[in-house]
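Secondary and tertiary structure notes
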Amino acid sequence: MDYTNQKHPQNYSQMEDLKTLDLEESVSETIMRDLRMIAYKLKYVLIPKEQEDNGKELRNWDLWGPLIFCLALAMTLSFKADSTTTSSKSDVFAIIFVLIWVGAFVVTLNAQLLGGKVSFFQSVCLLGYCVFPINIEAIIIAFIGSYLPFVVKLIPVIICFAWSAYSSVGFMASLVPPHKKKLAVYPVFLFYLFLSWFSLIV
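Since the structure is predicted, the reported quantities are computational estimates derived from the model, not experimental observations.

Quick notes on the UniProt feature "transmembrane region" (unreviewed entry) in the protein
- Residues given the UniProt feature "transmembrane region" (unreviewed entry) here are residues 63-81, 93-114, 126-148, 154-176 and 183-201.
- Helix makes up 74% of residues 126-148 and strand 0%, with an end-to-end C-alpha separation of 32 Å.
- Here residues 183-201 runs as 100% helix and 0% strand, with 28 Å between its end C-alpha atoms.

Encoded structure:
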C-alpha cells in the first residue's frame, strides 16, 4: 500500500482512524505510528499550555507511553543505585515499577470516591506521561549528580517535580466537583513528590 500521499494526523482522533490500516501495514510502520502518537501526547506534558479541553487528547488513553516512561525511570534509578547497599538494583527497579502502577490506582480510586468520572486507564495514561520530566531529572542526576553538591541537585528535582505535578493537576482537578479539587490533587502531588525525592536519594 502506498503511504506517500497520506497526510500526518493533526490530532489523536485522526490517529485512531489510521488503525484500520493495522492489518495491512508493516511492523516498522506500526511502530512509527505508535511513536508519533506517543510524541503527540507528550507535547501536552512538555508544554502544559498546549492542553485544550482539560487534556482531551490524554483522555484517549494508551499504555505504551506510560510503560516506556515507567521502564525508563526504573532502569535509570536501578542503574544509579549502589548494588552493594541493601537497596539493590533489582529492588529499586521493582519499587519504582510497582509504585507507579499502584500509585496510579490509588489516585484514580481517590478521584472516583470524590465523585469524579475517570477510568483506571485514563488515569494511568495521564500519570504515566507526566512522569517524563522526572525521567529527565533522574538521567541528569545519574550522570552528573556525583559531581554536584546536594543543594545543587535539588534544583532539577524541584523543577521537574513542579513540571510533572502542574501537567497533571489540571486534568485531575477537572474530574471532580470544584469544592473537592484540593482533595483530588493532593495524592497527585504526593505521588510525584515521592518519585522525585526517591530519584534524588537512591
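Examining a nonpolar patch on the surface
- Together, Phe-79, Ile-139, Ile-140, Phe-143, Ile-144, Tyr-147, Leu-148, Val-152, Ile-155 and Ile-159 give the surface a local cluster of nonpolar side chains, amounting to about 1,000 Å² of exposed area.
- Every element with two or more residues in the nonpolar patch is listed here: helix H7 (132-144) and helix H8 (150-173).
- Note that Ile-144 resides in helix H7.
- The partly exposed category is assigned to Ile-144, whose relative accessible area is 41%.

Quick notes on the environment of Leu-73
- Along the chain, Leu-73 turns up in helix H4 (residues 64-80).
- Judged by its relative accessible area of 0%, Leu-73 falls in the buried class.
- Sequence separation of Leu-73 and Val-131 is 58 residues, and the distance between their C-alpha atoms is 8.3 Å.
- Discounting chain neighbours no more than four positions away, the residues touching Leu-73 are Ile-96, Ile-100, Val-131, Ile-134, Asn-135, Ala-138 and Leu-195.

So, the packing of H4 against helix H6 (residues 120-129)
- The N-to-C vectors of H4 and H6 enclose an angle of 45°; their axes lie 8 Å apart at closest approach. Overall, the two elements H4 and H6 adopt an arrangement that is oblique. In terms of crossing hand, the pair formed by H4 and H6 is left-handed. Facing Gly-65, Pro-66 and Phe-69 of H4, the residues of H6 in contact are Val-124, Cys-125, Gly-128 and Tyr-129.

Regarding the pattern of salt bridges
- Applying the stated rule across the entire model yields one salt bridge.
- Of the charged contacts, one joins Asp-62 and Lys-41 as a salt bridge, the two residues approaching to 2.8 Å between their closest N and O atoms. Separated by 21 residues along the polypeptide, Asp-62 in the loop between helix H3 (56-59) and H4 and Lys-41 in helix H2 (residues 27-46) bring together distant segments of the chain. For the pair shown, Asp-62 and Lys-41 are each scored as buried.

A closer look at the packing of aromatic side chains
- By the definition in use, this model includes nine aromatic pairs.
- Relative to Phe-97, the ring of Phe-93 lies with its centre 6.3 Å away and its plane at 5°, an arrangement referred to as stacked. Within this pair, Phe-93 and its partner Phe-97 are both found in helix H5 (residues 89-113), separated by four residues, close to a single helical turn.
- By relative accessible area, Phe-97 is classed as partly exposed at 28%.

Definitions and cut-offs
Residues numbered from 1 in each chain as written. Predicted model: local features only at pLDDT ≥ 70, side-chain atom pairs only at ≥ 80, totals over all residues. Heavy atoms only, no water. UniProt positions renumbered as here; feature names shortened; annotations may be inferred. Helix = DSSP H or I, 4+ residues; strand = E, 2+ residues; numbered from the N terminus. Patch = residues over 30% accessible without salt bridge, like charges linked within 9 Å, V, L, I, M, F, W, Y side chains within 5 Å. Areas by Shrake-Rupley, 256 points an atom, 1.4 Å probe, with all protein chains shown as cover. Salt bridge = Lys/Arg side-chain N within 4 Å of Asp/Glu carboxyl O. Buried < 20%, exposed > 50% of the residue type's maximum accessible area, 1.4 Å probe, protein only. Contact = heavy atoms within 4.5 Å. Axes fitted to C-alpha atoms, helices over the stretch in contact; angles between N-to-C directions. Parallel < 35°, antiparallel > 145°, perpendicular 65-115°, else oblique. Left-handed = near helix turned anticlockwise from the far one by under 90°. Phe/Tyr/Trp six-rings, centres within 6.5 Å; stacked < 30°, edge-to-face > 60°.

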